[in-house]
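Report on the structure
Each chain, letter by letter, is given below.
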Amino acid sequence: MNNLLDHLKNKGWIWQADFTRPLPIAKQPVPDDLDEYVRGGLKEHTLVEIHSQIGIGEIRLLLPRLAANGQDHRLLVWIAPPHQINGECLHQAGVDLSRVLILHPRDGKDALWAAEQCLKSGTCHSVLLWHGDIEVAQVKRLQQACQQGRAQLFLLRTRQSISQSLPVSLSLQLEAHAEGLQIKVTKCRGSWPPAPFILNMRQRWPKLCLPQPTQPSANVIPLHRAS
Amino acid sequence: MTPLWLYLDFPSLQLDTLYQEQASNPVIILNKEHNQVIQLNTLAYHHGIRVGMGLGSAAALHRDLQVIEYRQELEATKLAEIAQWLYFVTSDIAFWSPNGLLLRIQHMLSMYGGLPSYWQALNDRLSPLKLNIGYACGTSPLGARLLARSGHNLISQDPELLREKVSLCALEQTDLPQSMCEKLARVGIRRLKELMNVPPGELAKRFDSQLVTYIGKLQGTFHHPVDFYHPPAVFNQYLELMYEIDSSTILLQPIKRLLSDLERFLRLRDKLATVLEFRFSQRDSDALSLTVSSAQGEYQAQQWQSLVSLKLENLELDQPVYGIQLAVTHMIAKEAQVNDLFAGKQGQMNHRQLLSLLQARLGTNAVFGLQLRDDFRPEYSSSYCRPFERLEKQNWPVPTLRPSLLLAPHRPLNEKVSLLQGPERIQTGWWDHQAIDRDYFIARNIQGQWLWVYRTRDNQWYIQGLFS
C-alpha cells in the first residue's frame, strides 16, 4: 500500500495538502521612516511631491519605501533622472534590478505621457519622475492613473520650481542637515502638516552623516585653579 | 472509404468580383485573344448576347454594352480567396485553373455526419460571396468536374447514379480536344457511355493514349494526382483605398480593417505577431514603410491599433496614400501567462506590453533596464542594458557604500569640500586598456551635497557620483 502511495507521489499524480503553496496573506505594511512625523508615512500617499536640491539624500529617503513596494514583483520606473542611475546602490538597498526600467524621454510632454502609462498599467509599483514645471490638471491625471494602477508616484523637483500648490497628497521640502535631512511638510492630505523636523539618517547611512561633535566627557572633571 | 469528390465551378468569376450589385447596363467579359464573349450578366443575356459570340455581334445587339477585358490573374486571386474562405469548413481543397475548385470530401462526411449536412455547411459558407456556382459530386475528379460544368448541380454519393449521369454526357462537354471529339463523332461515338462500355484493353487498341488516360481517370481506374491547397504561412495583405488619404490620422481607419484580418489570421493559428511592416503606396513618390513592433507579441487588433496610432502620430506624409500593404513575417507561439489568482487584480497589461507601448512612442533607445557587471570599476559595475534582458536576480555583494547617481562624464572638482570617508583605492582594469588607479572619498560640500570624489595618481580631483 505504502509503495503504491510512494509510486503515485513520485509520479506527481497525487499531492499532499502540505505541499501546496501557502496563500499569500495580506502583506504586513513595512514601516516607514516618516511614520512618526507624518500621518501615514510615505506609504499612504499615492502622489508625493519632493522639493529638493540634488544630492542631499532625496533618493535615499525613498529607497526603503521603493524596496518595500517592490515586494510584489512589479516594476520600478525612473523617468528622466538628472544623472545615470547606479545599479549597485539600488541593489544594496534591496531593489530587484531585473524589475527596473529607466526612461529618457525627449521632452517633458513625453515624460508625463510615459509616467501616466506606467502608473495606470498596473504593472509598476512606483514611478519616480523628475519634472520641472507641471500643471494642476496634469497632476490630477497622474493621481487618477496612480489609483487605476495601484502605483505610487514620486515627483522630484528642484527647489527653484516651487511656484504653486499642486493637488498632491504629500509635499515635502528637503534641506541638507548634519544628521540627515531637515524636512518641511508643506502639504499633507488628511491632516495638518507637522512642524519642520529633522530626520535622523545616521542609523541607515552612518557614513553619510557628519561626525558628531565631541561632547566633553563626563569623566573629565575640569580643574579650576584655586584662586 | 470510396473516394468522393466535389467540384465547384465558377463560370463568371471575374464578373462576380467586379460587381456586387445589379448593374444597369449589360456587361460582358471579353477574351481578347479569341475575340469571344466568355462571361456576361443577366441583362446582357436578355438582350440576346450569348457566350462564345464575337465582340462585333455582341456590340450590335446593344449600344450601351460595357466590355471588360478578361484577366486571368484576377480570377486566380479571387479563387485563392475563396479557397482560404472555404478552408474553415473543409480541408482538402485543390485549385483547378482558371475557375474551379476541387474538394475531396469523403473524409469530411463522417465529421459532418453525412453529405446533406456537409453540403449545407459548405453552402452557408459560399452564399455570402454571391457567386455564380455550378457544382457536382463525382467518384473521380474528372467526373465531378464534368458534371459540374455541364450544369448538373448534383449532390449525391450514390456511385451508380453518378456513373450513369457521367455516361450520359456528350463528348463536347468533356475536356477532350475538339479535334478528337470530331474524330470520334465520325465513327458514331457521341456520348461517353459508348466509350465507358468498352474494356480498357480494347480502347487502347483502337484509340490513342490521351483518350485512354482520360477515360481511365474519369472512371477512377487511373490515379489522378491532385495538389491540395495549404493556407499561407505568412500574412501579407494589400488594401487598395477607394480615395487617396493625405492625413496620417485618417490612415488609421483602413488600417483597422487590415488589423482585424490579421487578428483572425493569428487567432486561427494560435500565434502572436511581433513586428508589423506597413507599406504605404504614395502617388508620386516611393512607398513609405513603417515598422511597428511589440516586445511580447500580440494578436489582438485593439492592442495593435493603439501601438500603430502612436507611430502614426510621428509619421509625415508628403504625398497622398492610395494603398496600404501589411506584411507579417515573424510569428511566435503564444505562451501561457501565469497570473496568480490569489494575488488579486493584475492590471490590464503585463510588463512586456507596457514596454512595447513605451518603445513605440519614445523610441527603443530611450528605454533601458539596469544590470550589474562583475567589475570593480564604477563605470562598468553598473550599466544600462536592454529592458528585461536578464530576469534572474543578480546576487552578489556590493563592496561598500555606493552613490545612487553617477555622473557621466565625470566633473572636475572645483569647490571646497570636506572629505569624510575614505580613501578607498580602486586600481584595476589593466587587461582592457581602461585601467584606473584612483582613491575614492565621500565628501560633503557647503550646500550639504554628498559627493563621491576621487583623486587620480597625478593629484587631479573629480566628482563621479552623488549620494542622492
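In this text, all values refer to a predicted model and were calculated from it rather than measured experimentally.

As a further point, take the confidence of the model for chain A. Averaged over every residue, the pLDDT of chain A is 82; the share at 70 or more is 82%. Across chain A, the element-wise mean pLDDT spans from 78 in helix H1 (residues 2–11) of chain A up to 94 in strand E2 (residues 75–79) of chain A.

A word on the interface of chain A and chain B. The partner chain B presents 49 residues to the 41 residues of chain A that form the contact. With six residues, the top contributor of residues to the side of chain A that touches chain B is helix H4 (residues 108–121) of chain A. The class makeup of the residues in the side of chain A that touches chain B is 19 nonpolar, 16 polar and six charged. Of the strand pairs in this sheet, strand E3 (residues 84–85) of chain A and strand E15 (residues 405–412) of chain B are connected by two bridges, and their pairing is antiparallel. Each bridged residue has a counterpart across the sheet, and for glutamine 84 of chain A the counterpart in E15 of chain B is leucine 406 of chain B.

A separate point is H4 of chain A. With 14 residues, H4 of chain A extends 20 Å from end C-alpha to end C-alpha; this agrees with the ideal 20 Å at 1.5 Å per step. Within H4 of chain A, 10 of the 14 residues are buried, which leaves it mostly tucked inside the rest of the structure. Of the surrounding elements, those touching the buried residues of H4 of chain A are E2, strand E4 (100–103), strand E5 (124–130), helix H5 (136–149) and strand E6 (152–157) of chain A together with helix H15 (351–362) of chain B.

Glancing now at the packing of helix H7 (residues 141–149) of chain B against helix H8 (residues 159–167) of chain B. Residue and element names in this part refer to chain B. Interaxial distance between H7 and H8 falls to 10 Å at its minimum, and their mutual angle equals 60 degrees. The way H7 lies across H8 gives a crossing that is left-handed. Between H7 and H8, the contacting residues are Gly143, Leu146 and Leu147 on the first element and Leu162, Lys165 and Val166 on the second.

One finds Ile79, Ala115, Val127 and Leu153 of chain A to be the most contacted residues of the largest nonpolar core, which totals 102 residues. Residue-level mapping places this core at the junction of two domains, with at least three residues from each of domain 2 (237–333) and domain 3 (402–466) of chain B.

To continue, consider the pairing of strand E1 (residues 47–51) of chain A. All names here are of chain A. A large share of E1 lies buried, amounting to five of its five residues. The alternating pattern of E1 places Leu47, Glu49 and His51 on one face and Val48 and Ile50 on the opposite face, and all of these are buried. In this sheet, E6 lies alongside E1 in parallel orientation, the contact comprising five bridges. Bridging across to E6, valine 48 finds its partner in phenylalanine 154.

To continue, consider the sheet that holds strand E1 (residues 5–9) of chain B. Residue and element names in this part refer to chain B. With antiparallel pairing, the four strands of this open sheet are ordered in space as E5-E6-E1-E7. In this open sheet, the two edge strands, each paired with only one partner strand, are strand E5 (92–96) and strand E7 (134–138). Direction aside, neighbouring strands of the sheet carry axes that sit 20 degrees apart on average. When E5 meets strand E6 (residues 100–104), the two strands line up antiparallel, connected through five bridges. By the bridge assignment, tryptophan 96 is partnered in E6 with glycine 100. On the sheet, H7 packs against E1, E5, E6 and E7 and is oriented at approximately 145 degrees with respect to E7.

What follows covers the pairing of E4 of chain A. Here is the key point about a regular strand: its side chains alternate between the two faces of the sheet. A two-sided burial pattern is seen for E4 of chain A, the buried positions comprising Val100 and Ile102 of chain A on one face and Leu101 and Leu103 of chain A on the other. The sheet contact formed by E2 of chain A and E4 of chain A spans four bridges and is parallel. Counted as the bridge partner of tryptophan 78 of chain A is isoleucine 102 of chain A from E4 of chain A. Both E4 of chain A and strand E13 (residues 367–372) of chain B contribute to a ladder of two bridges, which runs antiparallel. For leucine 103 of chain A, the partnering residue across the bridge sits in E13 of chain B and is valine 367 of chain B.

With that settled, consider the sheet that holds strand E16 (residues 417–428) of chain B. Taken in spatial order, the six strands line up as E3(A)-E15(B)-E19(B)-E18(B)-E17(B)-E16(B) in an open sheet, and their pairing is antiparallel. Across the chains shown, the open sheet's two edge strands, defined by having one partner strand only, are E3 of chain A together with E16 of chain B. Strand direction decides the pairing type here: E16 of chain B and strand E17 (residues 436–445) of chain B, joined by nine bridges, are antiparallel. Its bridge partner lying in E17 of chain B, leucine 419 of chain B is registered against alanine 443 of chain B.

Residue and element names in this part refer to chain B. Along the chain, the position of valine 67 falls in strand E4 (residues 66–69). Considering only alpha carbons, one finds valine 67 and leucine 55, 12 residues apart in sequence, at a separation of 8.6 Å. With residues near it in sequence (within four places) discarded, valine 67 still touches Ile28, Leu30 and Leu55.

Our next topic: the environment of histidine 73 of chain A. Residues and elements named next belong to chain A. Its location among the elements puts histidine 73 in the loop between helix H2 (58–69) and E2. Residue classification places histidine 73 among the partly exposed residues on the basis of 13 C-beta atoms within 10 Å. When the C-alpha atoms of histidine 73 and aspartate 96 are compared, they prove to be 8.2 Å apart, with 23 residues separating the residues in sequence.

All names here are of chain B. Along the chain, arginine 411 falls in strand E15. For arginine 411, a count of 12 C-beta atoms within 10 Å translates into the label exposed. Sequence separation of arginine 411 and tyrosine 462 is 51 residues, and the distance between their C-alpha atoms is 5.5 Å. Contact partners of arginine 411, with chain neighbours within four places excluded, come to Tyr462 and Ile463.

Moving on to unusual backbone geometry. All names here are of chain B. Each neighbour pair has its own omega, and for serine 97 with proline 98 the value is -5 degrees, a cis peptide bond. Note that proline 98 resides in the loop between E5 and E6. Of note, the bond from alanine 408 into proline 409 is cis; its omega dihedral lies within 30 degrees of zero at -5 degrees. The topology assignment puts proline 409 in strand E15. Not every positive phi belongs to a glycine, and asparagine 35 is a case in point at roughly 50 degrees. Looking at the element boundaries, asparagine 35 is found in the loop between strand E2 (27–31) and strand E3 (36–40). C-beta crowding within 10 Å serves as the criterion here: with 12 such atoms nearby, asparagine 35 is assigned to the exposed category.

So, about the confidence of the model for chain B. In the predicted model, chain B carries a mean pLDDT of 86, and the fraction of residues at 70 or more is 95%. On the interface metric, ipTM, the complex scores 0.80, and its pTM is 0.59.

Conventions adopted
Every chain is numbered on its own, with residues counted from 1 as its sequence reads. For naming, the first written chain is A and the first written ligand is 1, with later ones following in the order written. The predicted nature of this model means local features are confined to residues of pLDDT at least 70 and side-chain atom pairs, given and counted, to a pLDDT of 80 or more, with totals for whole chains, interfaces and linings taken over all residues. Think of pLDDT as the predictor's per-residue confidence, scored from 0 to 100. The numbering of helices and of strands both runs from the N terminus, where a helix is a DSSP run of H or I of at least 4 residues and a strand a run of E of at least 2. By the criterion used throughout, residues are in contact when their C-beta atoms, derived from the backbone, lie within 7 Å. As a working rule, the residues Ala, Val, Leu, Ile, Met, Phe, Trp, Tyr, Cys and Pro are called nonpolar, Asp, Glu, Lys and Arg charged, and the rest polar, with Gly in that last group. Strands are labelled as partners when DSSP assigns at least two bridges between them. The span expected for a helix works out to 1.5 Å for each residue beyond the first. Neighbour counting defines burial: a residue surrounded by 20 or more other C-beta atoms within 10 Å of its own C-beta is buried, one with 12 or fewer is exposed, and intermediate counts give partly exposed, using backbone-placed C-beta atoms. Lines fitted to C-alpha atoms define the axes, with helix axes restricted to the stretch in contact, and inter-axis angles between N-to-C directions lie between 0 and 180 degrees. By definition, turning the near helix anticlockwise from the far helix through less than a right angle yields a left-handed crossing, and turning it clockwise yields a right-handed one. Note on terminology: a nonpolar core is a set of buried residues of type Ala, Val, Leu, Ile, Met, Phe, Trp, Tyr or Cys, with members joined through C-beta atoms within 7 Å. Those domain boundaries reflect an automatic or database domain assignment.

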